[in-house]
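Each chain is listed here by its residues.
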Amino acid sequence: MRNNKQHSSHSHHNHGDMDHSKHDHNEMEHSQMDHGKMDHGKMNHSAMDHSEMDHGGHMMHMGDMSKKLKVAIILMIPLLLISPIAGFTILKFPGSEILQLILGTIIFFYSGTPFFSGAKGELKSRKPAMMMLITMGITVAYTYSVYATIMSLNGHMGMNFWFELATLIVIMLIGHLIEMKAIMGAGDALKDLASLVPKKAHLKSGKDVELSELKVGDLLLVKENERIPADGLILSEAFVDESMITGESRAVNKKTNDLVYGGSLNQNQPFEMKVTTLGKDSFLNQVAELVKKAQAQKSNLENMADRVAGYLFYAALIVGIFSLIFWTISSNFSFALLLAVSVFVIACPHALGLAVPLVVSRLTSISAKNGLLIQNRTSLEKINTIKYALMDKTGTLTDGNFIVRNVINFTDETDILQIMAALEGSSTHPIAQSIVSAAKPLENLKVEAVENIPGVGIKGQVNQNFYQIVNYKYLRENQLSYDEQKIAQYLDLGLTVSFLINEQQDVLGFIALGDSPKADAKAFINGLLAQGITPVMLTGDNKETAQKIASALNIPEFRAELKPEDKAEIVKEYQKKAGVIFIGDGVNDSPALATATIGFAIGAGTSVAISTADVVLVNSNPSDVLDMINISKRMLRKMKQNLWFGAGYNIIAIPVAAGILYPFTGIYIDPLIAAVLMSISTVIVAINAMGLRYDKK
């Protein structure tokens, strides 16, 4: 600023609230996906060159821009010496005007190329913004400087802007390089993920092979302190550090047939494993895809920033032209042009372009470290509207580890445990597996025509006799005869009860199974309540069991005996009141996850890629939802602050640059000061975005 009057220029059936489909989906996915071979080291990263940045549809290479900046700086130094600045020239000699013209022209046409290309892209997309503003400013400054030089060579007094033009281009290039490096930081997660996977794997046979040579079913040896080369099943026991994938700082005790993920670090015990997933289906690749997808989305706030940038272009254009006309009439053309160029420069929305992307970069990094994979970050902008948290019971609030507590036979003719285990033998559902485990050793029974009944149970033939496994709701709805008093004592304990009936609809007996709440489930519920969010438990289990769980966990509202399709409708019902979070753990929760304002999926693995959730809780820990809520609220505050830092200052800056204060105070802004002020707003936005932090308590 100058004070100078001398202007110079995303429910089971009988068993509870989960469907068998919930736990069979991994197998289904594997049969549908192409387990192609892929070099993990090139994972997705090759498709995205982080040394480039898109502006106005034009890709600019960082290396080229660095060269242009160096040339501009080198040529700017002599310009500093021979150009008039505030009416004073350090070196003046015959032909200095010609040298200024030559140096300024080289800087303009060579170092200004990124801005011309960006402006062309903005014009093609019919969305004038930052590049158009910069191009207008430097073009006007260049044109006038050429004119002023010619006039000077012909003996007329004229003030050129060669030094201001050079410094303006230098500052703008530096700003763009800072912006490109900042946005490149958002892609560092992909580089980190790719680097986690070793280049070679040890086959059990003793041969080392490239990852691209691995096949599903290969047996590998993972030595101590080595990273796991692919996803698979561990064939022994070990402690594995999964912190770089899940954010869990403690080593995980992996036992036989547990899943291990490529990129995890084996600790002090070598183990063998069987490869189950390769290529695009691998966990790390899916994480990388999620990161790319999240970063590529444009949110409402980003769209707002784009609109504001467009408004700034038109505002600067109108004010700049008005300023040019006004000051030409009231003062002189040289001073009028100086102020018009200042308006174009100070309105450049560099900071606005960085306002949201920098916060997103920080959000992606912080969330990943806390075991949160964001698939749809735009939904997180609605975090302040959330008043209800609807959640599945089994696998979300409870650990899903069902144990057969009691087997009650109403007849001595039938071993109901053996028959129920035979019907459930092909299912991977935790309740089904509990029944099968309790029935071991299994009798050799002939099982046929097994069919799942959504929201009710399962039916089939065992030794040519028809049976059904049904829930308590089915007994009541069909008015079947049963000993209500005997059943009640198990329901009062909060146990899940499954009944076996025959073709004549006689109740042959029941099995009572127990599932315990997760260790931190109550703390999670209390955390939601503390934030003014009402938790609502949704379950396919009977009302009695649901009531027990709800009371134990301090959940004020619950809905029981639901079918899978009921959950999405209940989400819609609550959404009429306010924003809704839904937390679920399986394929049959997908409609509710997709319907909710923000959907949280419990668990990770290959289901992640087809999940309809907005956020995946890698550690299967519902308390991580609280972390995401807190992070999202901080993110939203930072984004809004940055939008004000990036654009709000123009409310004052543009009129001042147009000379509104000059008649009263003699204060005006020349292009160099305008460029510095614009750059300061960019630095403020960057510092504010980097201030987004979150540490688990």
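Computed from a predicted structure; not experimentally measured.

With respect to the overall build of the protein chain
Turning to step 1, where the next piece is worked out: Looking only at helices and strands, the protein chain features 24 helices and 26 strands.
Turning to step 2, where the next piece is worked out: Classification of the 697 residues of the protein chain by burial places 55% in the buried group.

Some remarks on the pattern of salt bridges
Turning to step 1, where the next piece is worked out: As enumerated under the stated definition, the model contains nine salt bridges in all.
Turning to step 2, where the next piece is worked out: Here Arg-559 ties to Glu-573 by a salt bridge, and the two come within 2.6 Å at their closest N and O atoms. Taken together, the residues Arg-559 in strand 22 (residues 557-559) and Glu-573 in helix 19 (residues 564-575) connect sequence positions 14 residues apart.
Turning to step 3, where the next piece is worked out: With relative accessibility at 33%, the residue Glu-573 sits in the partly exposed group.

Digging into the packing of helix 3 (residues 96-111) against helix 5 (residues 130-153)
Turning to step 1, where the next piece is worked out: Following both chains from N to C, one finds helix 3 and helix 5 inclined at 165 degrees, their axes separated by 10 Å at the closest point. Considering the angle they form, helix 3 stands roughly antiparallel to helix 5. Viewed along their axes, helix 3 and helix 5 form a crossing whose handedness is left-handed. Within the contact between the two elements, helix 3 uses Glu-97, Ile-98, Leu-101, Gly-104, Thr-105, Phe-108 and Phe-109 and helix 5 uses Ile-138, Thr-139, Tyr-142, Val-146, Thr-149, Ser-152 and Leu-153.
Turning to step 2, where the next piece is worked out: For the contact of helix 3 with helix 5, the per-class residue count stands at eight nonpolar, five polar and one charged.

Some words on the nonpolar core
Turning to step 1, where the next piece is worked out: Of all hydrophobic cores here, the largest spans 116 residues; its most connected members are Leu-397, Phe-524, Ile-581, Phe-600 and Met-628.
Turning to step 2, where the next piece is worked out: In this structure Phe-524 touches Met-391, Leu-397, Ile-583, Pro-622, Ser-623, Val-625 and Leu-626, once residues within four positions along its chain are discounted.
Turning to step 3, where the next piece is worked out: In this structure, Leu-423, Ile-458, Ile-469 and Ile-511 belong to the second largest nonpolar core, which totals 22 residues.

Considering the sheet that holds strand 7 (residues 231-234)
Turning to step 1, where the next piece is worked out: Strand order in the open sheet formed by six strands is 5-4-6-12-7-10, with antiparallel pairing between adjacent strands. Both edges of this open sheet fall to strand 5 (208-210) and strand 10 (259-260), since each of them pairs with a single strand only.

Overview of helix 13 (residues 416-424)
Turning to step 1, where the next piece is worked out: For helix 13, a buried count of nine out of nine residues is recorded, marking the element as mostly surrounded by other parts of the structure.
Turning to step 2, where the next piece is worked out: Along helix 13, the residues classified as buried are Ile-416, Leu-417, Gln-418, Ile-419, Met-420, Ala-421, Ala-422, Leu-423 and Glu-424.

A few points about unusual backbone geometry
Excluding glycine, residues mostly have negative phi values, and the peptide bonds linking residues are mostly trans.
Turning to step 1, where the next piece is worked out: Positioned with a positive phi, Asn-225 is a non-glycine residue whose angle comes to about 60 degrees.
Turning to step 2, where the next piece is worked out: Inspection of the secondary structure puts Asn-225 in the loop between strand 6 (219-222) and strand 7.
Turning to step 3, where the next piece is worked out: In this model, Glu-561 sits at a positive phi of 55 degrees, which is unusual for a non-glycine residue.
Turning to step 4, where the next piece is worked out: Mapped onto the fold, Glu-561 is located in the loop between strand 22 and helix 19.

Things to note about the UniProt feature "transmembrane region" (unreviewed entry) in the protein chain
Turning to step 1, where the next piece is worked out: As annotated by UniProt and renumbered to match this structure, "transmembrane region" (unreviewed entry) occupies residues 69-92, 98-117, 129-147, 159-178, 308-329, 335-360, 643-665 and 671-692.
Turning to step 2, where the next piece is worked out: In this annotation, residues 308-329 is assigned 100% helix and 0% strand; the end-to-end C-alpha distance for the span is 31 Å.

Observations regarding the sheet that holds strand 8 (residues 238-241)
Turning to step 1, where the next piece is worked out: Taken together, three strands build an open sheet; the order of strands is 9-8-11 and the sheet is antiparallel. Two strands in the sheet have a free side with no partner beyond their single neighbour: strand 9 (252-254) and strand 11 (265-266).
Turning to step 2, where the next piece is worked out: With two bridges connecting them, strand 8 and strand 11 associate as antiparallel partners. Opposite Val-240, over in strand 11, you have Asn-266 as the bridge partner.

Let's talk about the environment of Leu-235
Turning to step 1, where the next piece is worked out: Structurally, Leu-235 is set in the loop between strand 7 and strand 8.
Turning to step 2, where the next piece is worked out: Classification of Leu-235 as partly exposed rests on a relative accessible area of 35%.
Turning to step 3, where the next piece is worked out: Remark: the alpha-carbon pair of Leu-235 and Thr-256, spanning 21 residues in sequence, is separated by 4.9 Å.
Turning to step 4, where the next piece is worked out: Once you skip the residues sitting within four places of it in the chain, Leu-235 turns out to touch Leu-219, Thr-256, Glu-272, Met-273 and Lys-274.

Quick word on the packing of aromatic side chains
Two aromatic rings are characterised by how far apart their centres lie and by the angle between their planes.
Turning to step 1, where the next piece is worked out: Here the structure, examined in full by the defined rule, presents 18 aromatic pairs.
Turning to step 2, where the next piece is worked out: Their ring planes at 45 degrees and their centres at 4.9 Å tell us that Phe-335 and Tyr-662 sit as a pair that is tilted. Of the two residues, Phe-335 sits in helix 11 (residues 333-346) while Tyr-662 sits in helix 23 (residues 662-665), which places them 327 residues apart along the sequence.
Turning to step 3, where the next piece is worked out: Under the relative-accessibility criterion, Phe-335 is labelled buried at 2%.
Turning to step 4, where the next piece is worked out: Following the ring pairs from residue to residue traces out a cluster consisting of Phe-322, Phe-326, Trp-327, Phe-335, Tyr-662 and Tyr-668.
Turning to step 5, where the next piece is worked out: Note that Lys-577 overlies the ring of Tyr-574, its terminal NZ or CZ placed 4.7 Å from the centroid.

What counts, and where the lines are drawn
Residues numbered from 1 in each chain as written. Predicted model: local features only at pLDDT ≥ 70, side-chain atom pairs only at ≥ 80, totals over all residues. Heavy atoms only, no water. Helix = DSSP H or I, 4+ residues; strand = E, 2+ residues; numbered from the N terminus. Buried < 20%, exposed > 50% of the residue type's maximum accessible area, 1.4 Å probe, protein only. Salt bridge = Lys/Arg side-chain N within 4 Å of Asp/Glu carboxyl O. Axes fitted to C-alpha atoms, helices over the stretch in contact; angles between N-to-C directions. Parallel < 35°, antiparallel > 145°, perpendicular 65-115°, else oblique. Left-handed = near helix turned anticlockwise from the far one by under 90°. Contact = heavy atoms within 4.5 Å. Nonpolar A, V, L, I, M, F, W, Y, C, P; charged D, E, K, R; others polar. Core = buried A, V, L, I, M, F, W, Y, C linked by side-chain atoms within 4.5 Å. Pairing = 2+ DSSP bridges. UniProt positions renumbered as here; feature names shortened; annotations may be inferred. Phe/Tyr/Trp six-rings, centres within 6.5 Å; stacked < 30°, edge-to-face > 60°. Lys NZ or Arg CZ within 6 Å of the ring centre and 35° of its normal.

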